[in-house]
Amino acid sequence: MNQAKEQWASRAGFIFAAVGSAIGLGNIWRYPYVAYENGGGAFLIPYFFALLTAGIPILLLEYSLGHRFKGSAPLTYRRLSKKFEWLGWWQALLAFAISTYYMIILGWALSYTYFSFGTQWGKDTEKFFLNNYLGITDSFWNIGGIQWKVLIPVFLLWAFIYFVMRQQAHKGIERLTKILMPILIVMMIIITIRGVSLSGASAGLNVLLTPDFGALSDFKVWIAAYSQIFFSLSIGYATMLTYSSYLSKDTDLSNSGLIAALGNSGFEFMAALGVFGALGYLATQQGIGVDEVATGGVGLAFIVFPKIINQFPGLNDLFGVLFFGSLVFAGLTSIVSLLEPGVAAIRDKFNISRNAAVNTIVGGSAFVSILYATKGGLNYLDVIDHFLNNYGLLIGGFFMTVATAWFAKEANNMRAHINNVSDVHIGSWWIICVKYLTPALLLVMAGLNIIDEFKAPYGGFPYSGLISMGWGALFATLIGGFLLQAARWKEEDSISGKIKEGA
Ligand code: TRP
C-alpha cells in the first residue's frame with residue numbers, strides 16, 4: 001500500500017508523464033501573450049537566462065530529490081532535513097490549490113470545443129465570453145450564484161480525471177499521457193503550419209519576434225520570464241519530485257531532464273508562432289495593427305481566437321475544434337500532475353490506500369472548483385492565480401534550494417547522485433546555481449514583486465478581495481503546511497527507518 005511501490009512501467013512512460021505535465025495551458029495561451037507583453041523577440045533573452053539559471057537547475061534538483069529519497073514531497077523533505085517537512089506540504093497544497101481553478105479553464109476550453117461547431121459564439125466574441133458564457137457579475141463581491149454552463153463541463157472533466165487517478169500512476173497517468181501527447185503534438189503542428197501560412201501572418205510574427213531591447217532594463221520582464229519558466233516546466237510544486245520518486249533506481253536523470261526542458265520550450269515556441277501568425281492574419285483582415293487585436297490574459301484564447309476562427313478562409317469549425325481541443329488535451333495531462341503530489345503526500349503520511357487519497361484530493365479539488373464556476377468566478381480565479389503563481393513558485397523554489405544546499409548541506413551529494421545514474425554528467429555550475437545564483441535571483445524577484453504589489457492594487461480589484469483571497473490563499477497553504485507537519489505520522493517507526501535507508 002505504500003506509495004514507494006508505485007513505479008512507471010518504463011522510462012519512456014516517465015518522460016511522457018513529465019512532458020505531459022510541462023506542456024499545458026502555460027504553453028498554448030500563456031507563453032504567447034507573456035512574450036508579446038514583455039519585449040517580443042527580446043523576451044527570448046530573459047527567457048533563456050531563466051531557463052538556464054533556474055529552470056534546468058531546479059528541474060534536476062527536483063528529479064534528484066524524488067529519485068534519491070523515494071517519497072512524496074513531505075517525506076522527501078523530511079528525509080532531507082527533519083525541519084523541512086512543511087515545505088513539501090506547502091508545495092503539494094499549492095499544486096492542489098492551482099488544480100482547483102486550472103480545471104475551470106479546461107471546462108471553458110471543452111465548452112468552446114463544442115461551440116466551435118457552427119461558430120456558436122457569433123460576432124461579438126467578447127460579449128459572448130463574458131456575458132453569455134460566464135455571466136460575469138458587475139462587482140467583485142457579487143458572487144452571483146452558480147453558472148451551470150461552466151459547472152457542467154467542469155464536472156464532466158472531473159469525472160474523467162477521477163477515473164484516471166484511481167488507477168496507479170503507471171496505468172492511469174502514464175497511459176493518459178502516452179495516448180494524448182502524440183495526438184496533441186500532431187494537432188499543434190497542424191495549427192502552427194496553418195497559422196504561419198495565413199495571409200498576413202508575417203505581421204504577427206514580426207511583432208512576436210522583433211526584439212525590443214529596451215524591455216530588458218525593466219525588472220518586470222525578468223520576473224515574467226522566471227514565472228513563465230517555473231509554471232511552464234512544472235517546477236516548484238513538487239510535481240517533478242513526486243513523478244521522479246516513481247522511477248526505478250538506475251534511471252538516467254539528466255538526460256530525461258534535458259528532454260523535458262527542451263521539449264517543453266520547443267513546443268511553447270512552436271505554439272507561439274502559430275498563435276501570432278493567426279493574430280497577424282486577423283489584424284490584416286481588419287486593417288488594423290496586431291497590437292490592437294492582441295489582448296493579454298484569458299482574453300487571448302477565449303475572445304480573440306474565436307474572432308480569428310470567424311475570419312478563417314475555410315474549415316472554420318475544424319480549426320476551432322483543433323485549437324480548443326488542444327487546450328483540453330494539453331490541460332488534462334497537466335492537471336493530473338497537480339493532483340498527484342497531494343495524493344502521494346497523504347498516502348505517505350496517513351498510510352491510506354490510493355483510492356482513499358484520490359477520493360480526498362480529487363473530491364476536495366472538485367468541491368473547491370465550484371467557487372470559480374459562479375458568476376463572479378473569473379475575478380476570484382484571476383486574483384488567486386496572481387498570488388499563488390507569482391509568490392508560491394518563487395518563494396517555494398527559494399526554500400527548496402536553501403533547504404538542500406544550506407540546511408542539509410546536500411548539494412554535492414545530490415550532484416553525485418545525478419551523475420551516478422546519468423550519462424550526461426553535470427558540472428560544478430549546478431552547485432553554483434543551487435547554492436548561490438538561483439536562490440539569490442529568486443529572492444530578488446520575489447522582493448521586487450512584493451514592492452510592486454503595494455504600489456497599486458492588482459488588476460484594480462478591491463483590497464478586501466486581494467487580501468482575503470490572494471494573500472489569504474497564499475498564507476492558508478503555508479499554515480496548512482505547518483499544521484500537516486505537526487500531525488502524527490502513521491507507522492512512525494517504519495518511516496524513520498526509511499529515512500535512514502533513503503539517506
Ligand atoms: N506546466 C503546466 C502548464 O504549462 C502547469 C502545471 C502542471 C504546473 N503542473 C505544475 C505548474 C506544477 C507548476 C507546477 O500549463
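Analysis parameters
Residues numbered from 1 in each chain as written. Predicted model: local features only at pLDDT ≥ 70, side-chain atom pairs only at ≥ 80, totals over all residues. Heavy atoms only, no water. UniProt positions renumbered as here; feature names shortened; annotations may be inferred. Helix = DSSP H or I, 4+ residues; strand = E, 2+ residues; numbered from the N terminus. Expected span 1.5 Å × (residues − 1). Bend = angle between axes of the 7 residues up to and from the residue. Buried < 20%, exposed > 50% of the residue type's maximum accessible area, 1.4 Å probe, protein only. Contact = heavy atoms within 4.5 Å. Phe/Tyr/Trp six-rings, centres within 6.5 Å; stacked < 30°, edge-to-face > 60°. Lys NZ or Arg CZ within 6 Å of the ring centre and 35° of its normal. Near = heavy atom within 4 Å. Polar contact = N/O pair within 3.5 Å; in protein donor to acceptor, adjacent residues only side chain to side chain. Areas by Shrake-Rupley, 256 points an atom, 1.4 Å probe, with all protein chains shown as cover. Salt bridge = Lys/Arg side-chain N within 4 Å of Asp/Glu carboxyl O.

Per an unreviewed UniProt entry, the chain goes by the name Sodium-dependent transporter and belongs to Salinithrix halophila. A UniProt comment under Subcellular location (unreviewed entry) is attached to the chain, and it reads "Membrane".

Some remarks on helix H14 (residues 298-311)
Helix length check: H14 (14 residues) gives 20 Å between terminal C-alpha atoms against 20 Å at 1.5 Å per residue, within 8%. Maximum bend of H14: about 30 degrees, positioned at Val 304, with proline Pro 306 one to four residues after it. The buried fraction of H14 is high, at ten of 14 residues. Listed in full, the buried residues belonging to H14 are Gly 299, Leu 300, Ala 301, Phe 302, Ile 303, Val 304, Phe 305, Pro 306, Ile 308 and Ile 309. Looking at the buried positions of H14, the neighbouring elements they touch are helix H2 (25-37), helix H5 (85-115), helix H6 (125-133), helix H12 (254-286), helix H13 (290-293) and helix H15 (316-350).

A word on the packing of aromatic side chains
Counting across every chain of the model gives 46 aromatic pairs. Taking 6.2 Å as the distance between ring centres and 10 degrees as the angle between the ring planes, the aromatic pair formed by Phe 454 and Trp 471 counts as stacked. Placement of the pair is Phe 454 in the loop between helix H19 (429-453) and helix H20 (463-486) and Trp 471 in helix H20, with a sequence separation of 17 residues. Following the ring pairs from residue to residue traces out a cluster consisting of Trp 108, Tyr 112, Tyr 114, Phe 115, Trp 121, Phe 128, Phe 129, Tyr 133, Phe 302, Phe 305, Phe 323 and Phe 324. One residue, Lys 435, lies across the ring of Trp 406, its end atom 5.4 Å from the ring centre.

Some remarks on the site of the ligand
The local shell around the ligand holds 15 residues, among which Ala 22, Gly 26, Tyr 102, Phe 231 and Ser 234 are the closest. One of the backbone nitrogen or oxygen atoms of Ser 21 is found 3.2 Å away from a nitrogen atom of the ligand. Interatomic distance of 2.9 Å between a backbone N/O atom of Gly 26 and an oxygen atom of the ligand. For the ligand, the protein covers 100% of the area, taking 360 Å² as the surface of the free molecule. The set of elements that each furnish at least two residues to the shell around the ligand consists of helix H1 (11-22), H2, helix H10 (219-233) and H15.

Quick word on the pattern of salt bridges
Scanning the model with the defined rule gives nine salt bridges in all. Between Glu 410 and Arg 68 there is a salt bridge; the shortest N-O distance is 2.9 Å. You can see Glu 410 sitting in the loop between helix H17 (377-407) and helix H18 (411-421) and its partner Arg 68 sitting in helix H3 (residues 44-69), a full 342 residues away along the chain. Of the two residues, Glu 410 and Arg 68, both sit in the buried class. Here Arg 354 and Glu 340 are joined by a salt bridge, their closest N and O atoms 2.8 Å apart. You can see Arg 354 sitting in helix H16 (residues 354-369) and its partner Glu 340 sitting in helix H15, a full 14 residues away along the chain.

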